[in-house]
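Residue-level structural notes
The primary structure of each chain is shown beneath.
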Amino acid sequence: MSDLAEELNISLPWLRQALQDKGAPKLVPDLRAGLLNLYGDDTAERWLAAYRTWREEEPARKAAKRAEIAARAKGEMEAEMKRIAVEQKVARAMQEATDTAIAEEAARQERALKGW
């Protein structure tokens, strides 16, 4: 891994953190000697193959994430539109009830005036 970091001209801790943050395959050492991590050639090759596969699949993962975000946004927008439609129905019903009450009150007052 340090060879890869050296080849890319970046520090090893930064490379490890960047790969971890992005969800890359984890490189597990074959042997730990104190603070030193030792990797066999076959382990390095398997990790490199997994990393390349992971990198090749990255556009598909990004597209899936964009589609998920778009679907979530569409769902939220539809839910908001439904909420607004319900509010409008309630407002119309309240307005109709108010208009009916006003008309009934006007009719009652008219009857009251005729009766006097």
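Calculation criteria
- Residues numbered from 1 in each chain as written.
- Predicted model: local features only at pLDDT ≥ 70, side-chain atom pairs only at ≥ 80, totals over all residues.
- Heavy atoms only, no water.
- Phe/Tyr/Trp six-rings, centres within 6.5 Å; stacked < 30°, edge-to-face > 60°.
- Helix = DSSP H or I, 4+ residues; strand = E, 2+ residues; numbered from the N terminus.
- Buried < 20%, exposed > 50% of the residue type's maximum accessible area, 1.4 Å probe, protein only.
- Salt bridge = Lys/Arg side-chain N within 4 Å of Asp/Glu carboxyl O.
- Expected span 1.5 Å × (residues − 1).
- Arc of directions from axis to C-beta.
- Patch = residues over 30% accessible without salt bridge, like charges linked within 9 Å, V, L, I, M, F, W, Y side chains within 5 Å.
- Areas by Shrake-Rupley, 256 points an atom, 1.4 Å probe, with all protein chains shown as cover.

1. Notes on the packing of aromatic side chains
Any two aromatic rings considered together are summarised by their centre-to-centre distance and by the angle between their planes. Under the criterion given, the structure shown has two aromatic pairs. Taken together, a centroid distance of 5.2 Å and an interplanar angle of 20 degrees make the contact between Trp47 and Tyr51 stacked. Highlighted residues: Trp47 and Tyr51, both in helix 3 (residues 41-115), separated by four residues, approximately one helical turn. Judged by its relative accessible area of 8%, Trp47 is buried.

2. Regarding the pattern of salt bridges
Scanning all chains against the criterion turns up eight salt bridges. With a shortest N-O distance of 3.4 Å, Glu58 and Arg55 are connected by a salt bridge. Of this pair, Glu58 and Arg55 both sit in helix 3, three residues apart, which is roughly one turn of the helix. A residue is classified by how much of its surface remains accessible, and Glu58, at 17% relative accessible area, is buried. One salt-bridge network, in which partners are shared between bridges, spans Arg55, Glu58 and Lys62.

3. Some words on helix 3
Between its terminal C-alpha atoms helix 3 stretches 107 Å, which fits the 111 Å expected from 75 residues at 1.5 Å a residue. For helix 3, every residue scored as buried is listed here: Thr43, Trp47, Tyr51, Trp54 and Glu58.

4. Some thoughts on helix 2 (residues 12-22)
Three or more residues of helix 2 are buried, namely Leu15, Ala18 and Leu19. Buried residues of helix 2 fall within an arc of 95 degrees about the axis and therefore sit on the same side. Within helix 2, the exposed residues directed more than 90 degrees away from the buried face are Pro13, Gln20 and Asp21. Positive phi appears at Gly23, one or two residues downstream of helix 2, with a value of about 80 degrees.

5. A word on a nonpolar patch on the surface
A cluster of nonpolar residues, Leu31, Leu36 and Leu38, forms a patch on the protein surface that exposes about 260 Å² of accessible area. By the secondary structure assignment, Leu31 is in strand 1 (residues 31-33).

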